[in-house]
Amino acid sequence: MSAAAWVMNRRSLFRYGAAAGAVVFGPALLAACGTDGAAGAESSAATAAGTSAAGAGDATSTGQSQRGGTLTIGADADPIGLDPHTTTAFSSYDFIALLFNGLLKWSPKMEIEPDLAASYETPDDTTYIFKLRDDVKFHNGQALTADDVKYTFDFIFDEKNASSHASIYATVKKVTVVDELTVKFELKTPDAAFLAYLASPAIGSIVPKGVAGQDTKPVGSGPFKFDSYTPNQKFTLTTFDSYFEKDLPLLDTVVFTFFKDQSSITSALRSKAIDMTWLKDPKVAAQIVKSAPELVSAPGQTSRTFPIWINQSKAPFDDVQVRRALSLATDRNVCVQTVLAGSGKVGAMIPESQVGGYDGTTELPYYQRDVAQAKKLLADAGHPDGIDLGDYIVVAANDLDVQCSQILQQQWAEAGITVALKPIETAPLLEMWSSGDYGLLSVALSWSPDPDAICDRLRSTSTYGKAMGQTDTAYDELADKARAELDNTKRAALYQDLQKMVADQVYCLQIYQYPLRWEMWWNYIHDYVALPANSRTYVRSTWRDQ
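I will try to describe carefully the structure that is included in this document. These numbers come from a predicted model, not from an experiment.

## With respect to the overall build of the chain
Right, so step 1: The secondary structure content of the chain amounts to 17 helices and 22 strands.
Right, so step 2: For the chain, with 546 residues in total, the buried portion stands at 59%.
Right, so step 3: Total accessible area computed for the chain in this model is approximately 19,700 Å², and 49% of it derives from carbon and sulfur atoms.

As structure tokens, then:
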């Protein structure tokens, strides 16, 4: 059996059974269960007024592509580090996707296909052999070899580099250079997530051997190379003339201009000061697209979840009764209706977009609000007069997150639970999350290449699991079992069990899920592909006719 056929038959159906259908059926990537009514209605209103791209190729192309010009993208956040294997910020991935390549990549249909690899084979369930292209150069002129692949993974596994990808690749036993253009991966166990990780920006990015300073002066093999960066102003990329894909890229320059709020981005878009952007709030996005027929619209196709991470290493969060009381005091449906105006739904650890056939919240323990029972659990835990949980830390730059945290603060107060809201900037918040310097903290999760990437956040061996005092080996064992299961139906059932375990022990509190980003660009921009991953990888094939 060919490698490509093997991937789709044995590994990819679990992921794409949801994803491929969602590209066609709806903006929230809820293919297995149908889209939420309000979200579906909002999407319909928008696409009736503008042009819908819906994750496919740009239907507005005039046919003959044109070379040259600058694409200006309105960005809502600066990168927080540019080294693909040390940064943990979603905002950095947008830039990394254009600077680096992986052995594999996601196609416009969200299928895995070769990138730096010319081909690959899988002689058994734990062995992968990649043949590299012989025409790839890095931005510094260095030619790609198998040594670079091994160097990349040696870097990931070197503890002094503190790469969060080490736990993601925990099943990798050995990486061997077979010859100059051949590299072999040997795994400890079968791994249904392995190829998806290799195909994903940052997680799968290959870096050149011996090049330091990637965090501030990145050197990759991508279609564009780093030119300059002025914090809070702009980030500039220029075309890489030695890029290996024929006739790409088409643009001379890509400029990311930074805006601190949605209103500034929308003003810049309307005035055409920027050519392309995405918006976080689906309500605002729908209104803008409806008012501008010349905008091409790609409604969000994947879920952003809003979790509250709970540090079990600190009292009183080490008491499961306190954590359960917090969950019972939460009215998730009110948050969905008030913050999202219904354009989302109650969330769970693994969104619907990740597990085909599972609606995310069926019969999960401690999910139905019960203030009286929450008070009883607090009393049983020795807090009959209520409890002060200290700071609840949220991202200041995301208005939806702040609004939701304010509603939660009010809901919890009705059960005698007091928190002090502390909105802060993203960079220090991410540092607090990875170091465990918090009690309650919200960092949203976005698209993941596999459900395992989400589960990894709670593994006792991962950076984040260690930071939050996670010690549940039963969780680890179940997560590992799900990752190793190659049968899609059985794997989905294991993730349902994992969901229930997380909800029962309240290792984190999931509030809701909704479309991550709503992309839009003017119709003079052609051949751009909006991916469910919300990665702008296909800027490499984009061109403009003015």
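Moving on, there is more to tell.
## Here we look at the pairing of strand E14 (residues 303–310)
Residues in a regular strand project their side chains so that they alternate between the two faces of the sheet.
Right, so step 1: Burial within E14 is extensive, with eight of its eight residues counted as buried.
Right, so step 2: Both faces of E14 are covered, namely the face carrying Ser 303, Thr 305, Pro 307 and Trp 309 and the face carrying Arg 304, Phe 306, Ile 308 and Ile 310.
Right, so step 3: The sheet contact formed by E14 and strand E19 (residues 508–515) spans six bridges and is antiparallel. Each residue of the ladder has a partner; that of Trp 309, found in E19, is Cys 508.
Right, so step 4: Pairing of E14 with strand E18 (residues 440–441) involves two bridges; the strand directions are antiparallel. The residue bridging Ile 310 from the neighbouring strand is Leu 440, located in E18.

## Remarks on the sheet that holds strand E17 (residues 417–424)
Right, so step 1: Strand order in the open sheet formed by six strands is E15-E19-E14-E18-E16-E17, and the pairing between neighbours is mixed. Looking along the sheet, the strands with just one partner apiece sit at the ends: strand E15 (345–346) and E17.
Right, so step 2: Summarising the sheet, E15 and E19 pair through two bridges and their orientation is antiparallel. Across the sheet, the residue bridging to Val 346 is Tyr 512, located in E19.
Right, so step 3: Lying on the sheet, helix H12 (residues 399–413) is in contact with E14, strand E16 (387–395), E17, E18 and E19; it crosses E17 at an angle near 165 degrees.

## Let's talk about the sheet that holds strand E5 (residues 117–124)
Right, so step 1: Taking strand neighbours across the sheet as the criterion, the four strands line up as E5-E6-E8-E7 in an open arrangement whose pairing is antiparallel. Edge positions in the sheet fall to E5 and strand E7 (172–179), since each has one partner strand and no second. Neighbour-to-neighbour, the strand axes of the sheet open up by a mean angle of 20 degrees, direction not taken into account.
Right, so step 2: Of the pairings in the sheet, the one linking E5 to strand E6 (residues 127–132) comprises five bridges and is antiparallel in character. In the sheet register, Ala 117 faces E6, and the bridge partner there is Leu 132.
Right, so step 3: Along the sheet, helix H4 (residues 146–157) makes contact with E6, E7 and strand E8 (182–187), crossing E7 at roughly 160 degrees.

## Thoughts on unusual backbone geometry
Excluding glycine, residues mostly have negative phi values, and the peptide bonds linking residues are mostly trans.
Right, so step 1: Omega for the bond connecting Leu 248 with Pro 249 falls within 30 degrees of zero, at -5 degrees, which places this linkage in the cis form.
Right, so step 2: Tracing the backbone shows Pro 249 in the loop between strand E10 (234–239) and strand E11 (253–258).
Right, so step 3: Cis geometry marks the peptide bond from Ala 315 to Pro 316; its omega dihedral reads 0 degrees.
Right, so step 4: If you trace the backbone, Pro 316 turns up in the loop between E14 and helix H9 (320–328).
Right, so step 5: You will see that Asn 232, though not glycine, has its phi angle at about 70 degrees, which is positive.

## Points about empty space enclosed by the protein
Right, so step 1: Under the criterion given, the structure shown has seven cavities of 30 Å³ or more.
Right, so step 2: Approximately 200 Å³ is the volume found for the largest cavity.
Right, so step 3: Around the largest cavity sit 23 residues that line it, and Ala 97, Lys 105, Ala 199, Pro 201 and Thr 537 are the ones nearest its centre.
Right, so step 4: Among the residues forming the lining of the largest cavity, the class breakdown is 13 nonpolar, seven polar and three charged.
Right, so step 5: Counted as a void, the second largest cavity has a volume near 80 Å³.
Right, so step 6: Looking at the lining of the second largest cavity residue by residue, the class counts come to nine nonpolar, three polar and one charged.

## A short note on the environment of Lys 131
Right, so step 1: Tracing the sequence through the fold places Lys 131 in strand E6.
Right, so step 2: Given a relative accessible area of 39%, Lys 131 falls into the partly exposed group.
Right, so step 3: C-alpha of Lys 131 to C-alpha of Val 183: the two residues are 52 residues apart in sequence and 6.8 Å apart in space.
Right, so step 4: Not counting the four nearest positions on each side in its chain, Lys 131 is found in contact with Ala 117, Ala 118, Ser 119, Asp 179, Leu 181 and Thr 182.

## Here we look at the pattern of salt bridges
Right, so step 1: In this structure the tally under the stated criterion is 22 salt bridges.
Right, so step 2: Across the pair Arg 459 and Asp 480 runs a salt bridge, and its minimum N-O distance is 3.0 Å. Of the two residues, Arg 459 sits in the loop between helix H14 (451–455) and helix H15 (463–467) while Asp 480 sits in helix H16 (residues 473–484), which places them 21 residues apart along the sequence.
Right, so step 3: Classification of Arg 459 by relative accessible area gives buried; the value is 4%.
Right, so step 4: Linked through salt bridges whose partners overlap, the residues forming this network are Asp 191, Asp 452, Asp 456, Arg 459, Asp 480 and Arg 483.

## Some details on the side chain of Asp 94
Right, so step 1: The topology assignment puts Asp 94 in helix H3 (residues 90–99).
Right, so step 2: Look at Asp 94 and you get buried, because its relative accessible area is 6%.
Right, so step 3: Here Arg 536 takes part through its side chain, which lies 2.4 Å from a polar atom of the side chain of Asp 94.
Right, so step 4: Setting aside chain neighbours within four positions, we find Asp 94 in contact with Phe 256, Trp 278, Ser 535 and Arg 536.

## What about the state of the cysteines?
Right, so step 1: Within the structure shown, the criterion is met by zero disulfides.
Right, so step 2: Note on Cys 335: no disulfide assigned, nearest cysteine sulfur contributed by Cys 404 at a separation of 4.0 Å.

## With respect to the nonpolar core
Right, so step 1: Leu 103, Phe 130, Tyr 169 and Phe 185 are the most contacted members of the largest nonpolar core, which totals 48 residues.
Right, so step 2: Listed by contribution, the elements that provide at least two residues to this core are strand E3 (104–106), E5, E6, H4, E7, E8 and helix H6 (194–198).
Right, so step 3: No other element matches the five residues that H6 contributes to this core.
Right, so step 4: Discounting chain neighbours no more than four positions away, the residues touching Phe 130 are Leu 103, Leu 104, Ala 117, Ser 119, Tyr 120, Leu 181, Thr 182, Val 183, Phe 185, Leu 195 and Leu 198.

## Quick word on the side chain of Thr 266
Right, so step 1: Tracing the chain through its elements places Thr 266 in helix H7 (residues 262–270).
Right, so step 2: Taking relative accessible area as the criterion, Thr 266 reaches 7% and is therefore assigned buried.
Right, so step 3: Discounting chain neighbours no more than four positions away, the residues touching Thr 266 are Leu 279, Val 284 and Ile 288.

## A look at the packing of H9 against helix H11 (residues 371–380)
Right, so step 1: Contact geometry for H9 and H11: axes closest at 8 Å, N-to-C directions at 165 degrees. In terms of orientation, H9 lies roughly antiparallel with respect to H11. In this structure, the crossing between H9 and H11 has a hand that is left-handed. From H9, Gln 321, Val 322, Arg 324, Ala 325 and Leu 328 reach across to H11, where they touch Val 371, Gln 373, Ala 374, Leu 377 and Leu 378.
Right, so step 2: For the contact of H9 with H11, the class distribution of residues is seven nonpolar, two polar and one charged.

Conventions we followed
Residues numbered from 1 in each chain as written. Predicted model: local features only at pLDDT ≥ 70, side-chain atom pairs only at ≥ 80, totals over all residues. Heavy atoms only, no water. Helix = DSSP H or I, 4+ residues; strand = E, 2+ residues; numbered from the N terminus. Buried < 20%, exposed > 50% of the residue type's maximum accessible area, 1.4 Å probe, protein only. Areas by Shrake-Rupley, 256 points an atom, 1.4 Å probe, with all protein chains shown as cover. Pairing = 2+ DSSP bridges. Contact = heavy atoms within 4.5 Å. Axes fitted to C-alpha atoms, helices over the stretch in contact; angles between N-to-C directions. 1 Å grid on protein atoms, 1.4 Å probe; cavity = no way out; pocket = protein on both sides within 12 Å on 5 of 7 lines; lining within 4 Å. Points joined across faces, edges and corners; volume = space filled by probe spheres on them. Nonpolar A, V, L, I, M, F, W, Y, C, P; charged D, E, K, R; others polar. Salt bridge = Lys/Arg side-chain N within 4 Å of Asp/Glu carboxyl O. Polar contact = N/O pair within 3.5 Å; in protein donor to acceptor, adjacent residues only side chain to side chain. Disulfide = S-S within 2.5 Å. Core = buried A, V, L, I, M, F, W, Y, C linked by side-chain atoms within 4.5 Å. Parallel < 35°, antiparallel > 145°, perpendicular 65-115°, else oblique. Left-handed = near helix turned anticlockwise from the far one by under 90°.

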